[in-house]
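Structural characterization, general
Here is what each chain is made of, one letter per residue.
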Amino acid sequence: MSNLNTTIMIVDDDDEIRKVVCLLFEEQGCKILQAENGRKAVELCEKESPDVVLMDISMPEMNGLEACAKIRSNNITSNVPILLITSLTDRVSIEEGFAAGATDYITKPFNWIILKHRVLHLARVYQAEQKVASLQQWQQIQHYINSQEQNENLLVGNGTSFATIQMLIQKAASTSASVLITGETGTGKNVVAKAIHRASESRQKKAFISINCAALPEHLIEAELFGAEKGAYTGAIATHKGVFELADGGILFLDEIGEMPIALQAKLLAVIEEQKIKRLGGEQSRNIDVKIIAATNVDPEKAVESGKLRDDLFYRLSVINIQVPPLRERTEDIPLLCYHFIKKFAPNRELTISDAELDLLKQYPWPGNVRELRNILERCVILQNGPKLYPTELIKNFEKKSSSSSINKPKDTLIATLEEIERQHILKVFNQLGKNQTHTAKALDVSLTTLKRKLKEYNISS
């Protein structure tokens with residue numbers, strides 16, 4: 001077996017021993033890490049993830065037993081084999097070493113041939129175990145995803161917070177009571193709303209209508225909600241139904257409810273309570289049966305205090321309140337989300353993300369939440385070659401651009417710069433292949449649907 005991808009760490013305050021060990025394993029093609037005390041060993045382990053640690057017990061600053069315990073307590077390095085270096089007569093240290101989590105021990109003076117075989121054997125067993133664990137994890141993730149409904153709005157997760165959300169979704173789906181979903185931008189509030197619709201036996205076959213209250217001009221939002229009779233306002237050349245009528249029997253999702261004009265909130269409250277609407281410019285009231293789900297990315301209680309949201313509407317909407325946590329608070333769901341997005345954007349490619357990459361993704365704060373993770377994975381699928389994806393490379397590139405830019409430069413400008421790189425790459429391949437969408441999708445290893453959507457975003461028609 002080749003040792004080119006094997007990393008050995010030698011931890012000893014004796015320079016000569018470290019030097020000889022380095023020479024021994026460099027001859028075997030291994031990468032060597034060195035630390036002269038336990039404290040540096042712990043720091044190196046977190047950064048480099050060695051395949052085996054050869055650790056002396058007696059060292060300054062932090063001895064080998066303390067370092068062994070700290071390495072074991074870290075999720076990233078908890079399983080790495082640790083071979084303690086001790087004297088033949090020091091039975092107490094050997095017992096304490098096993099108690100601290102050591103895998104095995106070897107005594108001084110070394111038989112260098114035995115040392116070489118022991119260390120390489122531990123490294124190979126560890127590497128094999130890591131591969132099996134990684135494969136099992138991805139198989140479990142794949143099984144989970146395959147067992148769910150495959151659609152654009154799949155709610156993905158299996159952590160504690162996700163279980164709470166699932167429970168609330170089931171409760172919300174079993175009643176006609178209004179629901180208020182809160183959470184930061186990009187957390188997936190719209191996905192939760194659609195999950196409630198799918199889980200509702202009485203409404204799942206009826207319409208799900210979504211409207212963004214922040215996206216509509218103030219003078220049109222009332223007509224959009226309640227409909228309008230012909231001639232009700234300038235430009236109303238025909239009678240049209242509002243979203244309440246269109247959602248009759250189903251669910252109406254009001255996103256960014258705090259951005260609705262305060263005067264219109266009183267009318268909305270009346271409609272929710274009476275389940276009747278009257279078109280703009282009309283005389284006749286119409287009965288409706290609509291379940292309301294509202295969402296906001298701001299603290300609704302603060303919105304009430306500031307006067308942006310009526311308190312009576314807030315209380316009426318929040319009969320059931322579902323708070324969607326930011327991605328940084330549900331990092332256990334990141335592997336599932338990664339696989340879900342990989343399968344969505346590259347259904348015909350066998351792609352994986354290493355455990356080390358996943359650990360780094362869990363440490364990233366994700367200011368853009370699930371939406372940011374989705375965008376990063378989509379870019380990886382398009383821009384990176386090979387069977388393994390490295391999303392942290394794109395994150396690092398973005399952070400470098402951020403740190404080298406003026407602190408007053410808008411974030412949108414930075415994001416657009418990264419998007420421009422992606423756009424240029426796609427269009428370059430597209431033009432090189434004679435603007436053939438099928439050939440371009442195949443060359444980029446993305447689905448034809450993804451490519452068409454990207455070209456549509458770029459206002460390109462073929």
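The following paragraphs examine the structure supplied in this document. Keep in mind that this is a model prediction, so the values were computed, not measured. (Residues numbered from 1 in each chain as written. Predicted model: local features only at pLDDT ≥ 70, side-chain atom pairs only at ≥ 80, totals over all residues. Heavy atoms only, no water.)

Some details on unusual backbone geometry
Following K108, the chain continues to P109 via a peptide bond in cis, the omega torsion being -5 degrees. Its place among the elements puts P109 in the loop between β5 (104-108) and α5 (112-147). Even without being a glycine, Q275 presents a positive backbone phi close to 55 degrees. Mapping Q275 onto the fold places it in the loop between α10 (262-274) and β9 (276-278). The phi torsion at W366 lies on the positive side, around 50 degrees, for a residue other than glycine. Of the residues examined, W366 reaches a relative accessible area of 0% and is grouped as buried. (Helix = DSSP H or I, 4+ residues; strand = E, 2+ residues; numbered from the N terminus. Buried < 20%, exposed > 50% of the residue type's maximum accessible area, 1.4 Å probe, protein only.)

Describing the sheet that holds strand β2 (residues 31-35)
With respect to topology, five strands assemble into an open sheet ordered β2-β1-β3-β4-β5, the strand pairing being parallel. Edge positions in the sheet fall to β2 and β5, since each of these pairs with one other strand and no more. Averaged over neighbouring strand pairs, the angle between their axes works out to 20 degrees when direction is ignored. Pairing of strand β3 (residues 52-56) with strand β4 (residues 82-87) involves four bridges; the strand directions are parallel. Paired with D56 across the strands is I85, a residue of β4. Of the strands in this sheet, β1 (7-11), β2, β3 and β5 are in contact with helix α1 (residues 15-26), which crosses β2 at around 170 degrees. Packed onto the sheet, helix α3 (residues 64-73) meets β3 and β4 and runs at close to 155 degrees relative to β3. (Pairing = 2+ DSSP bridges. Axes fitted to C-alpha atoms, helices over the stretch in contact; angles between N-to-C directions. Contact = heavy atoms within 4.5 Å.)

Concerning the nonpolar core
Core analysis: the biggest nonpolar cluster contains 36 residues, and C338, W366, L373, L377 and L389 have the highest contact counts within it. Mapped by element, the contributors of at least two residues to this core are α13 (334-345), α14 (355-363), α15 (369-383), α16 (391-404), α17 (411-432), α18 (437-444) and α19 (448-457). Filtering out sequence-adjacent residues up to four positions away, L373 remains in contact with L327, L337, C338, F341 and W366. (Core = buried A, V, L, I, M, F, W, Y, C linked by side-chain atoms within 4.5 Å.)

Structural notes on the pairing of β1
Across the five residues that make up β1, a large majority, five, are buried. Neither face of β1 is exposed, since T7, M9 and V11 on one face and I8 and I10 on the opposite face are all buried. Here five bridges tie β1 to β2, and the two strands are oriented parallel to one another. Counterpart to T7 in the pairing with β2 is K31. Once you follow β1 into α1 and on to β2, the crossover reads as right-handed. Looking at chain direction, β1 and β3 are connected through four bridges and run parallel. If you follow V11 over to β3, its bridge partner there is M55. (Right-handed = clockwise from strand over helix to strand, strands pointing away.)

Considering the environment of R328
Residue placement: R328 occurs in the loop between β12 (320-323) and α13. Along the backbone, R328 and K362 are 34 residues apart, and their C-alpha atoms lie at a distance of 7.4 Å. With residues up to four places along the chain from it excluded, the contact list for R328 reads E184, P365, W366 and N369. Side-chain polar atoms of R328 contact the side chain of E184, separated by 2.5 Å. (Polar contact = N/O pair within 3.5 Å; in protein donor to acceptor, adjacent residues only side chain to side chain.)

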